[in-house]
Amino acid sequence: MRSSFYTEDTISAIATPPGRGAIGVIKISGEKSLEILRKIFKPFKPRLSFESHKFYYGFIIDPETERPVDEVLVVYMKAPFSYTREDVVEIHAHSGYVNLRKILELVLKEGARPAQPGEFTLRAFLNGRIDLAQAEAIEEIISAKSERALKLALNNLSGRLSEKINTLKERLLYALAQVESAIDFPEEDLEIMNPQELSQLIKREIIPEIEKLINSYEEGKIYREGINLVICGKPNVGKSSLMNALLREERAIVTPIPGTTRDFLEEEAYLQGLPVKLIDTAGLRETEDPVEKIGVERAFQKLKEADLVLFLVDVSEEPTMEIKHLYQRIQAYPHLVVFNKIDLIPNYLEEWRKTFFKYGGELIEISVKKELNLDLLTQRIYEKIVSKRATAVSEVMPNLRQKTSLEKAKRHLEDALKELQKREPLPELVSIELRSAIGNLSEIIGEITTEDLLSEIFSRFCIGK
Ligand SMILES: Nc1nc2c(c(=O)[nH]1)N(C=O)[C@@H](CNc1ccc(C(=O)N[C@@H](CCC(=O)O)C(=O)O)cc1)CN2
Ligand SMILES: Nc1nc2c(ncn2[C@@H]2O[C@H](COP(=O)(O)OP(=O)(O)OP(=O)(O)O)[C@@H](O)[C@H]2O)c(=O)[nH]1
Ligand SMILES: [Mg+2]
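Reading guide: rules and limits
- Residues numbered from 1 in each chain as written.
- Chains lettered and ligands numbered in written order.
- Predicted model: local features only at pLDDT ≥ 70, side-chain atom pairs only at ≥ 80, totals over all residues.
- Helix = DSSP H or I, 4+ residues; strand = E, 2+ residues; numbered from the N terminus.
- Contact = placed C-beta atoms within 7 Å.
- UniProt positions renumbered as here; feature names shortened; annotations may be inferred.
- Near = placed C-beta within 6 Å.
- Nonpolar A, V, L, I, M, F, W, Y, C, P; charged D, E, K, R; others polar.
- Buried ≥ 20, exposed ≤ 12 C-beta atoms within 10 Å, placed from the backbone.
- Core = buried A, V, L, I, M, F, W, Y, C linked by C-beta atoms within 7 Å.
- Pairing = 2+ DSSP bridges.
- Axes fitted to C-alpha atoms, helices over the stretch in contact; angles between N-to-C directions.
- Expected span 1.5 Å × (residues − 1).
- Bend = angle between axes of the 7 residues up to and from the residue.
- Domains from an automatic or database assignment.
- Parallel < 35°, antiparallel > 145°, perpendicular 65-115°, else oblique.
- Left-handed = near helix turned anticlockwise from the far one by under 90°.

Q: Would you mind showing me how to read the overall build of the protein chain here?
A: Along the backbone of the protein chain there are 16 helices and 13 strands. Residue pairs in contact within the protein chain that sit at least 24 positions apart in sequence constitute 68% of those at least 6 positions apart.

Q: I keep staring at the UniProt feature "domain: TrmE-type G" (unreviewed entry) in the protein chain and nothing clicks. Help me out?
A: Per the UniProt annotation, the sites labelled "domain: TrmE-type G" (unreviewed entry) are residues 226-386. What you have in residues 226-386 is 35% helix and 23% strand, and the ends, taken at the C-alpha atoms, are 11 Å apart.

Q: When you look at the site of ligand 2 in this model, what are you seeing that I'm missing?
A: G238, S240, S241, T261 and G283 are the nearest of the 23 residues found near ligand 2. It is helix α9 (residues 239-247) that contributes the most residues to the shell around ligand 2, three residues altogether. Of the residues belonging to the shell around ligand 2, the class tally is eight nonpolar, eleven polar and four charged.

Q: How should I be thinking about the UniProt feature "binding site: K(+)" (unreviewed entry) in the protein chain in this particular structure?
A: The residues that UniProt annotates with the feature "binding site: K(+)" (unreviewed entry) are N236, T255, I257 and T260. These residues run over 25 residues, yet every pair of their C-alpha atoms falls within 8.1 Å of each other. Owing to 10 C-beta atoms within 10 Å, T255 belongs among the exposed residues under this scheme. Following the sequence through the fold, I257 ends up in the loop between α9 and β9 (265-271). The class of I257 is exposed, set by 9 C-beta atoms lying within 10 Å.

Q: Explain the site of ligand 1 to me, please; I cannot follow it from the model alone.
A: Around ligand 1, a shell composed of M77, P80, F81, S82, Y83, E90 and R129 is seen. Grouping the constituent residues of the shell around ligand 1 by class yields four nonpolar, one polar and two charged.

Q: What's the story with the nonpolar core in this structure? I'm lost.
A: Taken as a class, soluble globular proteins show a tendency for nonpolar side chains to be buried jointly. Ranked by internal contacts, the top residues of the largest apolar core, which has 108 residues, are I26, I103, V107, L229 and F311. Per-element accounting of this core gives the leading share, eight residues, to helix α8 (residues 195-225). Look past the residues within four positions of L229 in its chain and what remains in contact with it is V276, K277, L278, I279, A306, D307, L308, L310 and I381.

Q: Can you help me understand the sheet that holds strand β7 (residues 113-114) in this one?
A: Strand pairing in a sheet is mediated by backbone hydrogen bonds. Such pairs are either parallel or antiparallel. On the basis of which strands lie adjacent, the open sheet formed by seven strands has the order β3-β4-β5-β6-β2-β1-β7 and mixed pairing. Every interior strand has two partners, whereas the edge strands, β3 (41-43) and β7, have only one. By the bridge criterion, four bridges tie strand β1 (residues 11-14) to strand β2 (residues 23-29) in an arrangement that is antiparallel. Bridged to A13 within β2 is K27. Taken strand by strand, helix α1 (residues 33-40) contacts β2, β3, β4 (55-61), β5 (68-77) and β6 (88-94), and its axis lies near 35 degrees from that of β6.

Q: Sorry if this is basic, but what is going on with helix α14 (residues 400-420) here?
A: Residue pairs three or four apart in sequence face the same way in an α-helix, which turns once every 3.6 residues. Compared with an ideal rise of 1.5 Å per residue, which puts 21 residues at 30 Å, α14 spans 30 Å between its outermost C-alpha atoms and is within 8% of the ideal. Structurally, α14 contributes buried residues whose contacts are with α4 (132-143), α8 and α15 (427-445).

Q: I'm lost on the sheet that holds β9 in this one. Help?
A: In space, the six strands of this open sheet follow the order β9-β10-β8-β11-β12-β13, with mixed pairing throughout. Of all strands in the sheet, those with a lone pairing partner are β9 and β13 (363-365), marking the two edges. Adjacent strand axes in the sheet meet at a mean angle of 25 degrees, parallel and antiparallel pairs treated alike. As paired strands, strand β8 (residues 227-233) and strand β10 (residues 274-280) are joined by five bridges and run parallel to one another. The partner of I231 across the bridge, within β10, is D280.

Q: Looking at this structure, how should I read the environment of I28?
A: As for its position among the elements, I28 is in strand β2. Residue classification places I28 among the buried positions, given that 29 C-beta atoms sit within 10 Å. Residues I28 and F120, spaced 92 residues apart in sequence, show a C-alpha to C-alpha distance of 9.0 Å. If we ignore the near neighbours within four places in the chain, the residues touching I28 are T10, S12, S33, I36, V88, V89, V107 and A112.

Q: Whenever I open this one, α8 confuses me. Can you help?
A: Spanning 31 residues, α8 covers 43 Å between terminal C-alpha atoms, matching the ideal 45 Å at 1.5 Å per step. Along its length, α8 shows its largest kink, about 30 degrees, at I206, and proline P208 lies within four residues downstream of that point. Directly after α8, the chain includes G226, whose backbone phi takes a positive value near 85 degrees.

Q: Sorry, what's going on with the pairing of β1 here?
A: Two faces, one strand: in a regular strand the side chains alternate between the faces of the sheet. Burial along β1 is two-sided: the face carrying I11 and A13 and the face carrying S12 and I14 are both buried. Strand direction decides the pairing type here: β1 and β7, joined by two bridges, are parallel. Each residue of the ladder has a partner; that of I11, found in β7, is R113.

Q: What is the right way to read the environment of I14 from this model?
A: In this fold, I14 is placed in strand β1. Once the C-alpha coordinates of I14 and V25 are considered, the two residues, eleven residues apart in sequence, prove to be 6.0 Å apart. Contact partners of I14, with chain neighbours within four places excluded, come to G24, I26, L100, L104 and G464.

Q: What exactly am I supposed to notice about the domain arrangement of the protein chain here?
A: Interface size, as often reported, equals the accessible area lost upon joining of the parts. Assigned domains of the protein chain: these are domain 1 (11-127), domain 2 (147-222 + 404-446) and domain 3 (226-389). Taking the mean C-alpha position of each, domain 1 and domain 2 sit 45 Å from one another.

Q: What exactly am I supposed to notice about the packing of helix α6 (residues 160-184) against α8 here?
A: Helix packing for two helices is described by the angle between their axes and how far apart those axes are. Where α6 meets α8, the closest approach of the two axes is 11 Å, and the angle between their N-to-C directions is 160 degrees. Judged on the interaxial angle alone, α8 and α6 are roughly antiparallel. When the axes of α6 and α8 are compared, the crossing they make is left-handed. Contacts between α6 and α8 involve K164, L168, R171, L172, A175 and Q178 on the former and, on the latter, L198, L201, I206, E209, I210 and L213. A class-by-class count of the residues in the contact of α6 with α8 yields eight nonpolar, one polar and three charged.

Q: Would you explain the packing of α14 against α15 in this entry?
A: Interhelical geometry of α14 versus α15 gives an angle of 165 degrees and a closest axis separation of 8 Å. On the basis of their axis angle, the class for α14 and α15 is roughly antiparallel. At the point where α14 passes α15, the crossing takes the left-handed sense. Here α14 contributes Q402, S405, K408, A409, H412, L413, D415, A416, E419 and L420 to the contact with α15, which in turn contributes L429, V430, E433, L434, S436, A437, N440, L441, E443 and I444. When grouped by side-chain class, the residues that make up the contact of α14 with α15 number ten nonpolar, five polar and five charged.

Here it is as structure tokens:
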């Protein structure tokens, strides 16, 4: 790969997070790693050489003053058998920002330069130890918000996604070779490029595989990023109570006074391992109060961001036209109707049921106060979110960047198909589309990249990764 990224110099960074901890790690990568180590490390048992992948105990010494700085363990990993494929040294020191900073300064003084965010992983990529999809998986492991997201990221790191992409690419390259020989030897045209066969290959085998990957993006996304769950309804129906119950924390103010919540509240929670942003909103009603009015507007605004809306009603009260009208607005969004306060005298329950059965909304009956059916509610939320997205059961899931490339590849293949299905397909046109599709697949694993793209991807990493 051509790149003007400079990998000749030796880089270093503190690899552990700031804050209190037991130990802290300083990473060094590049040709000068061992030379720097020799200058600032005094092994407990004097020695002349360091074996690769072995821990050595000793002291970091300031070479100028010869004073000990810290008691440490160090490890040297000889190129190419290291994270970056370069010579790597790690200093495992006592934690503490001031201490680590001081050791890093010594390392820099001896000839390393500070590493950029993600630069160690960038080198692992540039030196060919991992491909781009695997590099992205490393960042996804660090930011995983759920067990499932972690598992998917580990699958990608192990190269499962890359393998699929490579298989697709190889098949397209085979198809391309046929098409291009038809261009080179036009007199043998149909013998070499059989348009029907090629169409079948693209239509039956390649496009469906690509579609499966595209579809699995959605499921991956909910585990990676979580979903927005908006709780809405008339004032006093128990929205804030439900928010607190789902959070298992008295976060929102709850009172018997309608109009208690004036502005929306957002909190992160996990429902059955699914990362969820819970949003409690102001009770929806016509109001003259200028503050409450803004709160109501914001609540309507939040509905637009919702992956799922919980429309709460208080079934101890009589159904009104106003609520029915309100529900008609909510129906535009993916939602669940939640009957709350079923612990109270059920005078109106039947009437409520009839009303909502007529609208065909999905119903669930709960009591936040008596903790009735709350697990069932969580279950239904989960099913609604996951079953809606999980169109393909797949163990590899592309991220947004990768999905975008897959979509482009699919479009080019569809254009190739259109040409192939003509009476006299032009191999030149088919070839252009196949080449573009192959290019899109190559982008995913980073065989084709731009510096901007790499900078964009690796700047999301933390320093020291
Ligand atoms: N102390 C420490 N822990 C760490 C890391 C690290 O850099 N340092 N890692 C950093 O993210 C992760 C582990 N990832 C790694 C991946 C590859 C290699 C590596 O040295 N690969 C060599 C094989 C080594 C051998 O011969 O045994 C290779 O692929 O050639 C090291 C760490 C998590 N834990
Ligand atoms: N009996 C009974 N009371 C409930 C239940 N859920 C909530 N409440 C009560 O209903 C009242 C209103 O609850 P909130 O959670 O503040 O209602 P809200 O929808 O957030 O109200 P606003 O913020 O004003 O829109 C409080 O007195 C709660 O204790 C329930 O399941 N049963
Ligand atoms: Mg409230």
